[in-house]
Amino acid sequence: MNDPVIQAQRVTKRYKAKTILNDLFLAVPRGSVFGLLGKNGAGKTTLIKCVLGLVYPQDGLISVLGDNPRNFLERTKERIGYVPQSDRPYPWLTVRQLVTYTASFYPLWNMALVDRLLKEWELEEEDKVGLLSEGQAQKLSIILALGHEPELLIFDEPVASLDPAARRKFLKTILDIVADRECTIFFSTHITSDLERVADRVALLKNGTIDFCGELDVLKDEVKRLRIVSPVPLPRDIPVNGVLRCELSQYEAVLSVRGFHAGIKSQMEQRLNARIEVEDLNLEEIFLELHA
Amino acid sequence: MKTRYCQIVLLYFRYLPYRILALSLLGTALLSRFSLEHRLVAIADDFFTFFVVVSVWLAFTAGVLLKRQMAQHRASLLPRYRLPHIIVPFGFFAFFLIVFCYWLVSLYPIIIVNPGAIWSVFVLCALVISVVIWVGYLSINMLVYLSYFSMLLVSWQAYNLVVFLTEHTAWQFIVGCGSAVLMLALARRGMFLKEESFEYGYIMMWPQKEFLHNQIKAGELYTRSVRAFRKRFGMPAVVLTLPGYPRRAALWRRAFHWHRIDFAELKGIWMALLVMTPVYLASISRLPLWHGFLKDPYNNFLLYTVAPVLLVLCANHRNMTTWGYDVLKPVRKGDFVQEQGVALVAGLGFYWFLFVFYLVLTPHLVLKPAELALPRFWGYLLLTGSFALLTLSWVIFMSCYSSRPWFVIIHGGILCMLAQLLFMVSVRFSGMISLAVSVACWVGIYVFLKSGYRKWCEAEFN
């Protein structure tokens with residue numbers, strides 16, 4: 001039961017000559033809220049689509065809930081919920097009709113939950129899907145993905161079109177789901193503050209590979225900003241490994257370091273004969289530093 | 001009503017165009033029967049054409065819906081999704097086939113043809129349309145063009161085809177089997193359609209954003225091919241340049257620019273015409289099937305008048321949807337409206353010429369060269385062009401009043417009656433009468449264009 005819910009090994013995906021995912025490894029543990037971060041065009045959506053079997057990688061193996069995405073069993077599909085970036089399937093249906101239509105494909109459907117969420121998220125049942133705003137359509141898409149209470153929820157930029165209030169409600173719903181039952185949530189987003197709020201694990205996608213994958217706290221412990229103040233001029237090359245960014249003046253320096261540990265500070269203080277302050281970074285700052 | 005089959009059936013019937021077309025088809029069958037019982041034989045006979053058009057349109061709509069159901073993530077991720085979505089439209093098809101048989105039985109005293117032959121024709125029509133939609137990589141203007149020049153002509157000739165198939169039973173078998181194989185291939189393709197399948201992205205349907213996206217993608221197919229062709233043969237790339245403001249002097253050039261942007265892929269039509277004309281000429285001189293249709297230019301008034309208007313509106317739809325934004329550009333609104341109007345009128349001239357060239361002039365060069373010397377012939381062509389422009393002018397004028405239904409209905413009714421009247425009587429016009437009616441049309445064109453221009457200058461864009 002401790003097998004990862006999603007496991008990707010040596011996944012490579014190319015669109016014509018352009019390599020989007022390059023020999024990528026990823027493991028999403030069961031019961032985690034897993035955030036996928038990356039710049040625009042980094043391949044987040046492509047990775048999600050590969051995981052769901054919507055597109056096929058040229059190389060590598062992917063396993064989702066122990067099944068192969070190329071040919072999911074019906075039983076596996078019942079255990080997966082997916083919210084794409086944009087979804088407006090049948091504009092002529094009303095919200096209620098689309099809910100009933102979607103429900104008809106699942107043996108189990110929690111209509112009480114759906115009704116409650118429709119009410120909480122202020123969606124009118126008789127509104128036509130085609131007339132919903134982007135944000136409302138996004139909310140509906142999320143509700144439809146939750147109706148069958150899946151074991152694995154995959155969201156591709158779920159809050160991109162939501163207002164702050166709706167984002168809060170969405171995050172609260174995610175936390176409620178995780179608290180109520182064992183559910184794995186895998187989602188990509190640009191809004192790092194949201195991710196920080198709910199995710200216990202993150203993966204950073206950069207240049208087609210996973211640059212970091214692990215617990216959010218580990219990442220925060222690993223990437224730090226060092227402020228160095230020295231009474232003597234500082235050398236041009238400050239002797240420390242894993243420098244992401246360095247702003248250097250004669251007596252002061254600001255360094256972002258990856259792979260930080262407590263020993264680094266004391267070693268540098270001794271070598272440089274300087275005062276060093278260590279600053280914690282939030283996820284957005286870490287993201288910027290890693291992509292500097 | 002919770003089973004997925006019920007929900008899929010409802011999905012079709014909740015879509016208004018499908019509902020109307022399906023009911024029209026059933027209504028046609030019932031009315032033909034009713035009119036026969038009341039000895040209104042001529043009316044019952046007319047239902048044949050109507051039946052063909054509605055069937056083809058219904059197949060087109062069903063194809064679009066089926067494509068939409070399959071070309072989305074639900075097809076891969078919802079359990080037990082694909083098979084029911086394939087079975088339901090096939091069930092509809094079977095149902096309409098039964099309705100058709102009922103219709104055929106009711107018409108049997110009038111059209112004495114082999115039921116298998118008509119069945120084959122209808123299945124073929126439905127399949128061709130479905131295939132076009134399924135493949136769907138053509139943009140809408142190219143598709144409409146092809147539909148008019150192929151499918152509409154086929155449906156126009158459906159009766160002759162039926163007669164042909166009645167007399168050649170072996171062809172019935174071939175058409176029937178071919179249709180069945182094609183249908184099964186389509187179903188199989190639908191079962192495995194994935195996001196990376198080449199036809200996945202092309203859906204001809206609203207909402208507008210998706211529709212435009214697909215259209216742009218479809219348009220790129222042509223642009224890419226031309227670019228590759230030019231590169232292959234070392235030809236320099238064409239750069240579209242726009243003359244700057246003030247625009248007054250550059251009106252025609254800018255209108256032509258809209259034309260080039262909006263239906264650049266139609267340039268392919270000219271190449272197709274160059275290549276296909278010899279084949280076309282050979283076929284009309286050898287295949288007696290077309291003679292009835294092409295020998296008499298006077299019996300297709302609507303084809304030369306209404307069809308180009310529909311085409312020009314379809315061809316400009318992409319451009320028209322952005323007028324609201326384009327009007328914000330640094331240009332006087334009057335100049336902008338004028339520019340768009342010129343582009344529409346030029347487009348109409350283009351389509352009208354294509355119809356006349358391909359369906360009237362070219363066949364008469366082969367079949368009845370003497371006709372080309374008759375004033376009546378040229379008068380008739382002038383009349384069709386004038387009436388087409390009158391119709392477009394009316395559409396331009398009326399489109400300002402789209403929020404007042406009664407106004408549109410009254411004017412639309414008058415225009416339809418006028419078109420119907422001319423359709424019936426123009427065949428008897430001499431050259432002079434055609435000329436006189438054309439002059440009257442031009443008066444109407446002037447009035448509508450002038451009023452339309454004024455109204456569009458005052459219009460608010462959403």
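Since the model is a prediction, treat every value here as computed from it, not as a measurement. (Residues numbered from 1 in each chain as written. Chains lettered and ligands numbered in written order. Predicted model: local features only at pLDDT ≥ 70, side-chain atom pairs only at ≥ 80, totals over all residues. Heavy atoms only, no water.)

Draft legend 1. Examining the packing of aromatic side chains more closely. Considering all chains together, one arrives at 22 aromatic pairs over all chains under this definition. Here the aromatic rings of F350 of chain B and Y351 of chain B are separated by 5.2 Å at their centres, their planes lie at 70°, and the arrangement is edge-to-face. Relative to F357 of chain B, the ring of F353 of chain B has its centre 5.7 Å away and its plane inclined at 20°; by these criteria the two rings are stacked. Placement of the pair is F353 of chain B and F357 of chain B together in helix α17 (residues 333–366), with a separation of 4 residues, close to one helical turn. Classification of F357 of chain B by relative accessible area gives partly exposed; the value is 27%. The structure contains a cluster of three or more aromatic residues connected by ring pairs, namely Y90, W92, Y101 and F105 of chain A together with Y15 and Y81 of chain B. Over the ring of F233 of chain B we find R232 of chain B; its NZ or CZ atom is 5.4 Å from the centre of that ring. A cation over a ring is seen here: R376 of chain B above Y298 of chain B, with NZ or CZ 3.8 Å from the ring centre. (Phe/Tyr/Trp six-rings, centres within 6.5 Å; stacked < 30°, edge-to-face > 60°. Helix = DSSP H or I, 4+ residues; strand = E, 2+ residues; numbered from the N terminus. Buried < 20%, exposed > 50% of the residue type's maximum accessible area, 1.4 Å probe, protein only. Lys NZ or Arg CZ within 6 Å of the ring centre and 35° of its normal.)

Draft legend 2. A look at the sheet that holds strand β9 (residues 209–215) of chain A. Residues and elements named next belong to chain A. The strand order β5-β6-β7-β3-β8-β9 describes an open sheet built from 6 strands, whose pairing is mixed. The outermost strands of the open sheet, each flanked by one partner alone, are β5 (80–83) and β9. Within the sheet, the average angular offset between the axes of one strand and its neighbour, ignoring direction, is 15°. Where strand β6 (residues 152–156) meets strand β7 (residues 184–188), 5 bridges bridge the pair, whose relative direction is parallel. Counted as the bridge partner of D156 is S188 from β7. Contacting β3 (33–38), β5, β6, β7 and β8 (201–206), helix α1 (residues 44–52) crosses the sheet at an angle of about 150° to β6. Along the sheet, helix α6 (residues 164–180) makes contact with β3, β6 and β7, crossing β6 at roughly 160°. (Pairing = 2+ DSSP bridges. Axes fitted to C-alpha atoms, helices over the stretch in contact; angles between N-to-C directions. Contact = heavy atoms within 4.5 Å.)

Draft legend 3. A look at the domain arrangement of chain A. Residue and element names in this part refer to chain A. Split by domain assignment, chain A resolves into domain 1 (4–207) and domain 2 (219–290). In this structure, domain 1 and domain 2 have C-alpha centres spaced 38 Å apart. The partner domain 2 presents 7 residues to the 9 residues of domain 1 that form the contact. There are 1 salt bridge connecting domain 1 and domain 2. Salt-bridge contacts for E196 lead to K220; the nearest nitrogen and oxygen are separated by 2.6 Å. Counting the contacts that link domain 1 with domain 2 gives 4 residue pairs in polar contact (both at pLDDT 80 or more). (Domains from an automatic or database assignment. Salt bridge = Lys/Arg side-chain N within 4 Å of Asp/Glu carboxyl O. Polar contact = N/O pair within 3.5 Å; in protein donor to acceptor, adjacent residues only side chain to side chain.)

Draft legend 4. Highlighting a nonpolar patch on the surface. Residue and element names in this part refer to chain B. A surface patch of nonpolar side chains, amounting to about 690 Å² of accessible area, comprises L382, M432, L435, V439, V443, Y446 and V447. Broken down by element, the nonpolar patch gets its largest block of residues, 6 residues, from helix α20 (residues 431–458). If you trace the backbone, Y446 turns up in helix α20. (Patch = residues over 30% accessible without salt bridge, like charges linked within 9 Å, V, L, I, M, F, W, Y side chains within 5 Å. Areas by Shrake-Rupley, 256 points an atom, 1.4 Å probe, with all protein chains shown as cover.)

Draft legend 5. The arrangement of empty space enclosed by the protein in detail. Scanning the model with the defined rule gives 5 cavities of 30 Å³ or more in all. Lining of the second largest cavity is provided by 15 residues; of these, Y82, L144 and A145 of chain A together with H73 and L78 of chain B occupy positions nearest its centre. Broken down by secondary-structure element, the contributors of at least two residues to the lining of the second largest cavity are β5 and α5 (134–146) of chain A together with α4 (74–77) of chain B. Across the lining of the second largest cavity, the residue classes break down as 8 nonpolar, 5 polar and 2 charged. (1 Å grid on protein atoms, 1.4 Å probe; cavity = no way out; pocket = protein on both sides within 12 Å on 5 of 7 lines; lining within 4 Å. Points joined across faces, edges and corners; volume = space filled by probe spheres on them. Nonpolar A, V, L, I, M, F, W, Y, C, P; charged D, E, K, R; others polar.)

Draft legend 6. The interface of chain A and chain B, seen in detail. On the chain B side, the residues contacting the 31 residues of chain A number 29 residues. Roughly 2800 Å² of surface becomes buried between chain A and chain B when both sides are summed, with 58% attributable to carbon and sulfur atoms. Across the chain A-chain B interface, the total number found is 4 salt bridges. Residues K49 of chain A and E195 of chain B are paired through a salt bridge, measuring 2.5 Å at the closest nitrogen-oxygen approach. If you look at where chain A meets chain B, you find 13 residue pairs in polar contact (both at pLDDT 80 or more). Residue assignment for the side of chain A that touches chain B shows that the elements contributing at least two residues are β1 (6–15), α1, α2 (74–77), α3 (95–103) and α5 of chain A. Here the side of chain A that touches chain B is composed, by residue class, of 18 nonpolar, 5 polar and 8 charged. (Buried area = accessible area lost by both parts, 1.4 Å probe.)

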